[in-house]
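Secondary and tertiary structure notes
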Amino acid sequence: MKKHTIVVHGGAGTILKSEMNEAKEKAYNEGLTAAIDHGYAVLDKGGTAVDAVVSAIQQLEDNPLFNAGKGAVFNAQGGHEMDASIMEGKSREAGAIAAIPNLRNPIVLAKDVMNHSDHVLLIGDGAKEFGELRKAVFENDDYFYDAYRFDQWNKIKDTDSFQLDHTKKEKKYLGTVGAVALDMEGNIAAGTSTGGMTNKKFGRVGDSAIIGSGTYADNRTCAISCTGTGEYFMRGVTAYDVSCLMMYKGLSLQEATAAAIQDHLTQIGGDGGLIAVDVHGNVSMEFNCEGMYRAYRNPKESVVKIYRN
Ligand code: ASP
């Protein structure tokens, strides 16, 4: 099979060309391109979909433009708590971590939970302890400091509001990064990583850590990674919704992703989007807001997009 494919997203939301400048747009394009190129290089050498997903997401986690890893948003205490998950479509094994501080690459530890523990989801201090055991790389708080993110938080830190990343509207910010991949063996995988919402409190965890909501992969259907208002993706069990629509209703990838986002998620008031790939290399990048940072690469083409059109 020669249809190996990598797809990534860097968050969705109020992303308008009128509010972007050339330098910023270039930086986002370069960040997304680096992610698909790294993921694709893994696949092209015969690597697994899981490794391609991890490699692509690591690129985005190391880039301060995106709300994950280094660019993770500030929580109510002025710190950073990250969520991440990964799933493999052949065995349907999965791993996830939530509300973990100071971790450089949350997606790597999520993979370790999948491969080196008997569990699916580890949180907070326990996840940190597991990370130390796995020799995960932790950084001090300075590594996660970013003036733009600090300013985002500073504006709302003394209020009860929380905010998703790429939006002007208070209480509505969408960030997060994700990747889905199809390897040469015909296996698929999905992963998602996020800093969550600016000014989040009370141990808030979003869909990015929840298998079935923000991330899902099943070789019989497809691999999905979501981004948007996490509470709605959890209530809609959106990633699994896409898989179910294909499995039980026989919908195509495009039909299933459109139904999950444009009908089911929209009906309950959620906004955001998702990326998906099936075992034939079909790609979907569906969203119901103004824009979504997104890109894919396969043997035929390399595509990077930001706005709706
Ligand atoms: N879904 C993420 C969360 O709710 C945020 C995002 O995608 O921007 O934590």
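Notes on the structure in this doc start here. Quick caveat: nothing in here was measured; it's all calculated off a predicted structure.

Time to look at the sheet that holds strand E3 (residues 94-100). The strand order E4-E3-E2-E6-E5-E1-E11-E12 describes an open sheet built from eight strands, whose pairing is mixed. Lying at the two open borders of the sheet, with one neighbouring strand each, are strand E4 (121-123) and strand E12 (302-307). Ignoring strand direction, the axes of neighbouring strands in this sheet form an average angle of 10°. With five bridges connecting them, strand E1 (residues 5-13) and strand E5 (residues 177-182) associate as antiparallel partners. Paired with Val8 across the bridge in E5 is Ala179. The sheet contacts of helix H3 (residues 106-116) involve strand E2 (82-88), E3, E4 and strand E6 (188-194), and relative to E2 the element is tilted by about 50°.

Where helix H1 (residues 22-44) meets helix H2 (residues 49-61), the axes come as close as 8 Å, and the angle between the chain directions of the two elements is 155°. Here H1 is positioned roughly antiparallel relative to H2, judged by the angle of their axes. Read as a crossing pair, H1 and H2 show a hand that is right-handed. In this structure, H1 contributes Gly31, Leu32, Ala34, Ala35, His38, Gly39, Val42 and Leu43 to the contact, and H2 contributes Ala49, Asp51, Ala52, Ser55, Ala56, Gln59 and Leu60. Partitioning the contact of H1 with H2 into residue classes produces nine nonpolar, five polar and one charged.

Let us now look at the nonpolar core. Counting 46 residues, the largest nonpolar core has Ile6, Val8, Ile86, Ile97 and Tyr293 as the members making the most contacts within it. Here this core takes eight residues from H2, the largest share from any one element. If sequence neighbours within four positions are ignored, Ile97 has contacts with Met82, Asp83, Ala84, Leu103, Pro106, Leu109, Ala110, Val113, Leu121, Leu122, Ala127 and Ala209. Listed in part, the 36 residues of the second largest apolar core include Phe233, Met246, Ala259 and Leu274.

Conventions adopted
- Residues numbered from 1 in each chain as written.
- Predicted model: local features only at pLDDT ≥ 70, side-chain atom pairs only at ≥ 80, totals over all residues.
- Heavy atoms only, no water.
- Pairing = 2+ DSSP bridges.
- Helix = DSSP H or I, 4+ residues; strand = E, 2+ residues; numbered from the N terminus.
- Axes fitted to C-alpha atoms, helices over the stretch in contact; angles between N-to-C directions.
- Contact = heavy atoms within 4.5 Å.
- Parallel < 35°, antiparallel > 145°, perpendicular 65-115°, else oblique.
- Left-handed = near helix turned anticlockwise from the far one by under 90°.
- Nonpolar A, V, L, I, M, F, W, Y, C, P; charged D, E, K, R; others polar.
- Core = buried A, V, L, I, M, F, W, Y, C linked by side-chain atoms within 4.5 Å.
- Buried < 20%, exposed > 50% of the residue type's maximum accessible area, 1.4 Å probe, protein only.

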